[in-house]
Each structure stands twice: as structure tokens, then as C-alpha cells.
Amino acid sequence: MNRANNEEIDIGISGIRKITDIVKQRYNFDLNIYAGTSLKRRIARIIQNNELKTLDGLADTLEKNPSFFTTFQTQLSVEGTEFFRDPAFWRLFRDEICKSLKNNHSKIKIWLPGCSSGEEVITTAITLKEAGILENSAIFATDLNDYIISQSPKKVYNNSILEISENNYKRFREDESASFSIYYNAKPGGFTFADDLYKNIDYDVFDENDTKNIKAVNVIICRNYFIYLNATYQEKLLELFSDKLIMNGFFAIGNKETISFCKDYRKFAIINETEKIYKKIAP
């Protein structure tokens, strides 16, 4: 029987613990990094999307079908939804952050730790291009598994997000005549982006214990990801991000998120409270 919505799937604390134990023991992946409510909602969605009917069905599939874990992990990830989401943020990034980067650095490193399906990465590349600094920039785009990473470069995006992305771009440019179409190519059922937007992007799997190839970063953009994590893991990530940023490097989170409870918060100054952009001011 198909579920009408996620709320009809019975998921209790013991059920979450069961799935968490299976995933940790069989796949060495810790679901405890996620906030409880967020994890419950995502597991319910996975059960529904894969017609597993119950939490026991999910547990059984994870135990008996190792190839399903890639699907599980991918659907657990925070999905991108549109290009130029929150246009005011991208205007500020272009007009203030990119201007500062252009004036102070000949080489620029930008890290997007949760690149997901790639909308934020391409938005970053377009913004850098319009600010005149894409050629001098290296973008590191990371996420949890090989499948997500392999699907991001040259991805064909669904036309369902095109209208809202077009409107976001016009708001970003503050120009109703601005056309997002100069950057993409129509394909059957969707659209892709020009090669020049990808050439400075390096995609890789995120491993918090092995990030030695990411260092001396000028900007970290991690928007709308912290909110899905528990406080302990947020603390751990901010410590990692602080370590990777150069002095006076910039850090951005989603406008509904906060890092004020983290001990490393003292290392940052607020650049824009509304758009949650910070600058590293202490080692």
C-alpha cells in the first residue's frame, strides 16, 4: 500500500536506533550526526520513495542488499532545489565578497562541503564569472559518496526548476531583462551548463578525517546544511572549517541557521547578519 505522506510511516526512537546501528555496523556511517527530527523525516521519505512500506522493510533491505546503501545515503543528503536560491545572498557575495577577493588575492579557493546535486556549485561559478574572478578561482565541491559526486559534473537538470531559477537570476541581477539562458543548453527533458563553468571545479567525496588536499581556503559556502545536523556535529564542522579558512576568510551559512552556540564562533566577525556571512578574525 502506498503511503499518502511521510507522517503515516511509524518511526519511533527504537526504530531510529535500529537503523542507526545497522548503518554504523555494516557501512561505518554515523547517522547520529543528523538532528533527530531531520533524520526521522528523511528516513520516512526514503521508505516512501523506495516503496519499502515500513521501517522494518528498510532495515531488512539495508542488511541484505549492500548496493542499496548508495541510494540510502544519496537520498539522505540535503538536496539542492534551484539556482540562485536567496538572490540577495548572491548579490552580496558578488558585490562585497568577490570584490574583496579580487582586490586582495591573485588566487582564490572556495569550498562547498555539501555540493549535493550541484545547483549551489554552478551558482557560485556563475557569480564568480560575473564578478570577473572565475579564471583565478578553484572551487572544491564535496559530498558524502561517489554517486553524488559522479552525477554532479555535466548533470542534466530537470526543466521543473527552470522557471524559478530564471526568476531568481533576474532578482540577483536586479534586471528583468537578464537572461539565465546564456549559461545553459537545452537537452531532451532538461538542461545542462557550458563547459567553462566546470573547468575550475574539483569534485570529491567528503571525508572529515582526510581533508589535507583542502587548505588555505578563502571562502566556505555551507548554506542550509547545518540546520539538519545535531549540535555536536555542527561544533565539529565549524572547528574544521575554521581550521581550513585563511585569516580574513569568509564563511556563509543559510539565513535561518546559526553558529552562535559553537565555541569557535568567537573566531568570526559578522559581515552580514541577515545573510549569515562571517569573516575569520582569529586563529
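Look a little higher up for the structure.
Residues numbered from 1 in each chain as written. Predicted model: local features only at pLDDT ≥ 70, side-chain atom pairs only at ≥ 80, totals over all residues. Heavy atoms only, no water.

In this structure, what is going on with the overall build of the protein? I would like to understand it.
In terms of helices and strands, the protein carries 9 helices and 10 strands. At 20 Å, the protein has a C-alpha radius of gyration in line with the 19 Å of a compact globule built from 283 residues. The principal-axis extent of the C-alpha atoms belonging to the protein is close to 55 × 50 × 30 Å. Of the roughly 13600 Å² of accessible surface on the protein, a fraction of 46% belongs to carbon and sulfur atoms. Taken as two groups, the 38 positive and 39 negative side-chain charges of the protein have centres that lie 3 Å from each other. (Helix = DSSP H or I, 4+ residues; strand = E, 2+ residues; numbered from the N terminus. Rg over C-alpha atoms; globule rule 2.2 N^0.38 Å. Areas by Shrake-Rupley, 256 points an atom, 1.4 Å probe, with all protein chains shown as cover. Lys, Arg positive; Asp, Glu negative; His and termini not counted. Charge placed at Lys NZ, Arg CZ, Asp CG, Glu CD.)

Help me understand the packing of helix 6 (residues 119–130) against helix 8 (residues 162–173), please; the structure alone is not making it clear to me.
Closest axis-to-axis distance for the helix 6/helix 8 pair is 13 Å, and the angle between their directions is 30 degrees. As helix 6 runs across helix 8, the sense of the crossing is right-handed. In this structure, helix 6 uses Ile-126, Thr-127 and Glu-130 to contact helix 8, whose residues at the interface are Tyr-169, Phe-172 and Arg-173. Grouping the constituent residues of the contact of helix 6 with helix 8 by class yields 3 nonpolar, 1 polar and 2 charged. (Axes fitted to C-alpha atoms, helices over the stretch in contact; angles between N-to-C directions. Left-handed = near helix turned anticlockwise from the far one by under 90°. Contact = heavy atoms within 4.5 Å. Nonpolar A, V, L, I, M, F, W, Y, C, P; charged D, E, K, R; others polar.)

Explain the side chain of Gln-234 to me, please; I cannot follow it from the model alone.
Inspection of the secondary structure assignment puts Gln-234 in helix 9 (residues 231–244). For Gln-234, a relative accessible area of 9% puts it in the buried group. Contacts of Gln-234, omitting those with residues within four sequence positions, involve Phe-226, Ile-227, Leu-229, Phe-261 and Cys-262. (Buried < 20%, exposed > 50% of the residue type's maximum accessible area, 1.4 Å probe, protein only.)

What's the story with empty space enclosed by the protein in this structure? I'm lost.
A full pass over the atoms with the stated rule returns 2 cavities of 30 Å³ or more. Roughly 120 Å³ of internal volume is contained in the largest cavity. Contributing to the lining of the largest cavity are Tyr-34, Ser-77, Val-78, Pro-113, Gly-114, Ser-116, Asp-143, Leu-144, Phe-206, Tyr-225, Leu-237 and Phe-241. Contributing to the lining of the second largest cavity are Phe-89, Phe-93, Ile-97, Val-219, Ile-221, Phe-250, Phe-251, Ala-252 and Ile-277. For the lining of the second largest cavity, the secondary-structure elements that each account for two or more residues are helix 5 (87–104), strand 7 (217–222) and strand 8 (245–253). (1 Å grid on protein atoms, 1.4 Å probe; cavity = no way out; pocket = protein on both sides within 12 Å on 5 of 7 lines; lining within 4 Å. Points joined across faces, edges and corners; volume = space filled by probe spheres on them.)

Sorry, what's going on with the environment of Ala-186 here?
One can find Ala-186 in strand 4 (residues 184–187). The class for Ala-186 is exposed, based on a relative accessible area of 68%. Separated by 156 residues in the primary sequence, Ala-186 and Asp-30 place their C-alpha atoms 39 Å from one another.

What is the right way to read helix 5 from this model?
The α-helix advances 3.6 residues per turn, and as a result positions three or four apart in sequence lie on the same side. With 18 residues, helix 5 should reach 26 Å at 1.5 Å per residue; the first-to-last C-alpha distance of 25 Å fits that figure. Within helix 5, the full set of buried residues consists of Pro-87, Phe-89, Trp-90, Arg-91, Leu-92, Phe-93, Arg-94, Ile-97, Cys-98 and Leu-101. (Expected span 1.5 Å × (residues − 1).)

Can you walk me through the sheet that holds strand 4 in this structure?
Picture the strands of a sheet paired through backbone hydrogen bonds; they go either parallel or antiparallel. In space, the 3 strands of this open sheet follow the order 3-5-4, with antiparallel pairing throughout. On the outer flanks of this sheet lie strand 3 (157–158) and strand 4, each paired with one strand and no other. (Pairing = 2+ DSSP bridges.)

Looking at this structure, how should I read the packing of aromatic side chains?
Within a pair of aromatic rings, the relevant descriptors are the distance that separates the centres and the angle that separates the planes. Under the criterion given, the structure shown has 30 aromatic pairs. Between the aromatic rings of Tyr-169 and Phe-180, the centroid separation amounts to 5.6 Å while the plane-to-plane angle is 40 degrees, which identifies the pairing as tilted. With Tyr-169 in helix 8 and Phe-180 in the loop between helix 8 and strand 4, this pair connects stretches of sequence that are 11 residues apart. Summarising the burial analysis for this pair, Tyr-169 and Phe-180 share the class buried. Just above the ring of Phe-172 sits the side chain of Arg-94; from NZ or CZ to the centre is 4.6 Å. Note that Lys-155 overlies the ring of Tyr-157, its terminal NZ or CZ placed 5.7 Å from the centroid. (Phe/Tyr/Trp six-rings, centres within 6.5 Å; stacked < 30°, edge-to-face > 60°. Lys NZ or Arg CZ within 6 Å of the ring centre and 35° of its normal.)

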